[in-house]
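If you want the building blocks of each chain, they are given just below.
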Amino acid sequence: MSSMTAIGGLNGMEGGASVNFSADPPEAPALARSKAVTHVRPFTSVEAAITALESLDRELKKFELAVADSLQDYLGVQMAQITDCALARGWEPVSFLQKDGFRVYRYEAMRSYKGRSKRR
């Protein structure tokens, strides 16, 4: 299995993520590249987003996480919790795209991350 895209609801309830297990990005179908077509249900709770992050394989090189605008509080506390979980697992935020009602955050494996102990 070289790639998975548009995982809808990693916890079975909500959320969206795009995951790439290969070194080369998969070719997206023409319809998926259209900006008018969006089949993403963004995470609407911090707990669901963190659960999704914790379920991902630590060896993952990069992925995207869709987060609802409702989690964008003015202090950034809710996104800080999600980002803290990603950082603890060895991924750093690279960028984000603002969509209608949500943001798609892009994460990549840290270059200097040596795979800390697996205890949790």
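Residues numbered from 1 in each chain as written. Predicted model: local features only at pLDDT ≥ 70, side-chain atom pairs only at ≥ 80, totals over all residues. Heavy atoms only, no water.

(A) Examining the overall build of the chain more closely. A count of helical and extended segments in the chain gives three helices and five strands. Counting from the amino terminus, helix and strand elements in the chain follow one another as β-β-α-α-β-α-β-β. Counting the 120 residues in the chain, one finds 31% classified as buried. The long-range fraction of contacts in the chain, counting pairs at least 24 apart against all pairs at least 6 apart in sequence, stands at 61%. As presented, the chain carries roughly 7,800 Å² of accessible surface, and 53% of it is formed by carbon and sulfur atoms. (Helix = DSSP H or I, 4+ residues; strand = E, 2+ residues; numbered from the N terminus. Buried < 20%, exposed > 50% of the residue type's maximum accessible area, 1.4 Å probe, protein only. Contact = heavy atoms within 4.5 Å. Areas by Shrake-Rupley, 256 points an atom, 1.4 Å probe, with all protein chains shown as cover.)

(B) Representation of the pairing of strand E5 (residues 102–109). Strand direction decides the pairing type here: strand E3 (residues 62–68) and E5, joined by seven bridges, are antiparallel. Residue Glu64 lies in a different strand from E5, and its bridge partner there is Arg106. As defined by bridge partners, strand E4 (residues 91–98) adjoins E5 across seven bridges and the pair is classed as antiparallel. Its bridge partner lying in E5, Leu97 is registered against Val104. Hairpin remark: E4 followed by E5, antiparallel, with three residues in the connecting loop; positive phi at Gly101, about 95°. (Pairing = 2+ DSSP bridges.)

(C) Structural view of the confidence of the model for the chain. Predicted confidence across the chain gives a mean pLDDT of 76, with 62% of residues reaching 70 or more. Low pLDDT (under 50) marks residues 1–13, which in the prediction has 30 contacts with non-local residues, meaning those over four places away or in another chain. Predicted confidence is poor over residues 20–26, with pLDDT under 50, and the contacts of this stretch with residues over four places away or in other chains come to 14 contacts. (pLDDT = per-residue confidence, 0-100.)

(D) Structural view of the side chain of Arg89. Relative to the helices and strands, Arg89 is located in the loop between helix H3 (77–88) and E4. Lacking a salt bridge, the buried Arg89 has Glu54 as its closest oppositely charged neighbour, with an N-O distance of 6.1 Å. Polar side-chain contacts of Arg89 include one of 2.5 Å to the backbone oxygen of Leu56. (Lys, Arg positive; Asp, Glu negative; His and termini not counted. Salt bridge = Lys/Arg side-chain N within 4 Å of Asp/Glu carboxyl O. Polar contact = N/O pair within 3.5 Å; in protein donor to acceptor, adjacent residues only side chain to side chain.)

(E) Quick look at helix H2 (residues 46–55). Within the span of H2, buried status applies to Val46, Ala48, Ala49, Ala52 and Leu53. The buried residues of H2 occupy an angular sector of 170° when projected down its axis, which confines them to one face. At its buried positions, H2 is contacted by E3, H3 and E4. (Arc of directions from axis to C-beta.)

(F) Quick look at the nonpolar core. Membership of the largest hydrophobic core comes to 19 residues, with the highest contact counts inside it found for Leu53, Phe63, Leu65, Val67, Ile82, Trp91 and Tyr107. Residue assignment for this core shows that the elements contributing at least two residues are H2, E3, H3 and E5. Ranked by the residues each element gives to this core, the list is headed by H2, at five residues. (Core = buried A, V, L, I, M, F, W, Y, C linked by side-chain atoms within 4.5 Å.)

(G) Summary view of the environment of Tyr107. Along the chain, Tyr107 turns up in strand E5. The class of Tyr107 is buried, set by a relative accessible area of 1%. When neighbours within four sequence positions are excluded, Tyr107 is seen to be in contact with Lys61, Lys62, Phe63, Leu65, Met79, Ile82, Thr83, Ala86, Trp91, Glu92, Pro93 and Val94.

(H) Expanded view of the packing of aromatic side chains. Enumeration according to the criterion identifies three aromatic pairs in this entry. Centre to centre, the rings of Phe63 and Tyr107 are 5.1 Å apart; their planes meet at 15°, and the pair counts as stacked. Residue Phe63 is located in strand E3, and its partner Tyr107 is located in strand E5; the two are separated by 44 residues in the primary sequence. A relative accessible area of 3% means that Phe63 is categorised as buried. For the ring pair Phe96 and Tyr105, a centre distance of 5.5 Å and an interplane angle of 40° mean the geometry is tilted. When its relative accessible area of 40% is taken as the criterion, Phe96 is described as partly exposed. Ring-pair connections join several aromatic residues into one group, and the members of that group are Phe63, Trp91 and Tyr107. (Phe/Tyr/Trp six-rings, centres within 6.5 Å; stacked < 30°, edge-to-face > 60°.)

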